[in-house]
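If you want the building blocks of each chain, they are given just below.
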Amino acid sequence: MTSTQAEIDESYSVSNDFFKLWLDEGMHYTSASFLTGEESLEEAQINKCRILYDYAEMNEDKLILDIGCGWGSNLEYLSTRGVKRAHGITLSTAQAEWINQRGLPGVTAKLMDFHDYEPEEKYDALVSIEMIDHICSPEQARKGMAVELYREYFKRCHSFVKPGAWFACQAILRDRVPRTRKDLEDLAFTADVIFPGGLNPRLEELIMAVRPYWEIVELRTQRECYGKTTGEWLRRLRANEATIRERWGDKVYVDYERYLDTCVRAFDAQWSSDVQLKLRWCAV
Ligand SMILES: C[S@@+](CC[C@H](N)C(=O)[O-])C[C@H]1O[C@@H](n2cnc3c(N)ncnc32)[C@H](O)[C@@H]1O
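To keep things clear, this report deals only with the structure shown in the data block. Predicted, not measured: the structure shown is a model, and the values here were computed from it.

It is worth spelling out the overall build of the protein at this point. Each helix and strand in the protein was counted, giving 12 helices and seven strands. On C-alpha atoms alone, the protein measures out to a radius of gyration of 18 Å, which is about the 19 Å that the 2.2 N^0.38 rule sets for 284 residues. Along the first, second and third principal axes, the C-alpha atoms of the protein reach 50 × 40 × 40 Å. Of all 284 residues assigned to the protein, the portion counted as buried reaches 45%. Put simply, of all contacts in the protein between residues at least 6 apart along the chain, 76% involve residues at least 24 apart.

Pasting the structure below:
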């Protein structure tokens, strides 16, 4: 496997209160979808959930799994849409505890590695929002294992569902390589310090890896949306600088400011992008 539980805990366990200060109220830790350019971050996060809800052809009666469910932001959306049964899995201890304390109607979350998950019942629909970015490590990619590991992920997802299911998958992408030493160092810092063990896939790798388990029916990229999302996170982080330095120390503030500032530049300069895929189940 790629990101270990210790690495995931390093990425998501500074403190729930820390993330709450600069993410939105719902604690979505993934790109929002700004459709008009006029929306708040909160509204754009709901747009994202709605797009993925439609991509996976969900409805109230379907049994839904959110793979890599974070702090349950999308599960909360499903609950507000009246979905009667939605399950989430996350590898972060802090996130699983947080969701289960909230008691969202119809929602259950498990602290569980996706690679070990054996559902008791097959699902009608899947959603996974920027979890695939934890599937292949930089070292595994250097060994040429990326497509094979992503295909394993899509195969496992396929084994979780009933025939005819739909899967809405969102992923951060790596695209162009920066030219300057500083930019390369900032990107390496983000990968090594903030998200150890993770690597953003290339779009071409995902397109190759979904087969033979899924068919791509729709594909939507939203690079600028992630630029806006990370820009808003950075603005909120800076607005809370004094509190963060006092409660979590200078290093946490400095590291997160560097990481978010790098993200804003990465989406602007097209080193990174973001994709939403509508995937149809295929008979294998
Ligand atoms: C970038 S966060 C996204 C969280 C959430 N989907 C959202 O939109 O806010 C990635 C999530 O994937 C989870 N994750 C990473 N590797 C995992 C694995 N092997 N099994 C289960 N969850 C995993 C992390 O715990 C985290 O919740």
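Now that the structure has been shown, the text picks up again.
With respect to spatial proximity, 23 residues lie near the ligand, and among them Thr30, Gly68, Gly70, Phe114 and Ile129 are the closest. Within the residue set of the shell around the ligand, elements represented by two or more residues are α1 (5–12), α4 (73–80) and β2 (85–90).

Counted residue by residue, α4 has six buried out of eight residues, so it is predominantly covered. For α4, the set of buried residues is Ser73, Asn74, Leu75, Glu76, Tyr77 and Leu78. The first or second residue beyond α4 is Gly82, which carries a positive phi of 90 degrees.

In this structure, Thr90 sits in strand β2. As for Thr90 and Phe114, which are separated by 24 residues in sequence, their C-alpha atoms are 7.8 Å apart. For Thr90, the residues in contact, after removing those within four places along its chain, are Gly68, Cys69, Gly70, Gln95, Ala96, Ala109 and Leu111.

On to the sheet that holds strand β7 (residues 272–281). Neighbouring strands of a sheet are bound in pairs by backbone hydrogen bonds; such pairs are parallel or else antiparallel. Read from one edge of the open sheet, seven strands run β3-β2-β1-β4-β5-β7-β6, paired in mixed fashion. For this open sheet the edge positions go to β3 (107–111) and β6 (214–221), each flanked by a neighbour on one side alone. Strand-to-strand, the axes of this sheet are offset by a mean angle of 15 degrees, without reference to chain direction. The sheet contacts of α4 involve β1 (63–67), β2, β3 and β4 (123–129), and relative to β2 the element is tilted by about 180 degrees.

We now examine the pairing of β3. Bridging between β2 and β3 involves five bridges; their strand directions are parallel. Considered in β3, the bridge of Ile89 is made with Lys110.

Where helix α11 (residues 241–248) meets helix α12 (residues 250–268), the closest approach of the two axes is 6 Å, and the angle between their N-to-C directions is 130 degrees. For the element pair α11 / α12, the angle class is oblique. Across from Glu241, Ile244, Arg245 and Trp248 in α11, the residues of α12 making contact are Asp250, Val252 and Tyr253.

The rules behind these values
Position labels on residues start from 1 in each chain and follow its written sequence. Per-residue local features are limited, in this predicted model, to residues with pLDDT of at least 70; the limit for side-chain atom pairs, both in listing and counting, is 80 or more; totals at the level of whole chains, interfaces and linings are taken over all residues. In DSSP terms, a helix is any run of H or I states spanning at least four residues, a strand is any run of E spanning at least two, and both are numbered starting from the N terminus. As a reference, a globule follows 2.2 Å times the number of residues to the power 0.38, and the radius of gyration itself is taken over C-alpha atoms. Here exposure depends only on C-beta density: within 10 Å of a residue's C-beta, 20 or more other C-beta atoms make it buried, 12 or fewer make it exposed, and intermediate numbers make it partly exposed, the C-beta atoms being placed from the backbone. Any two residues are considered in contact once their C-beta atoms, placed from the backbone, lie within 7 Å. Each residue gets a C-beta atom placed from its backbone. If that atom is within 6 Å of a molecule or strand, the residue is near it. Two strands qualify as a pair provided DSSP detects at least 2 bridges between them. Only the stretch in contact is used when fitting a helix axis, every axis being a line fitted to C-alpha atoms; angles between N-to-C directions are given from 0 to 180 degrees. Should an angle fall under 35 degrees it is called roughly parallel, over 145 degrees roughly antiparallel, and 65 to 115 degrees roughly perpendicular, with every other angle called oblique.

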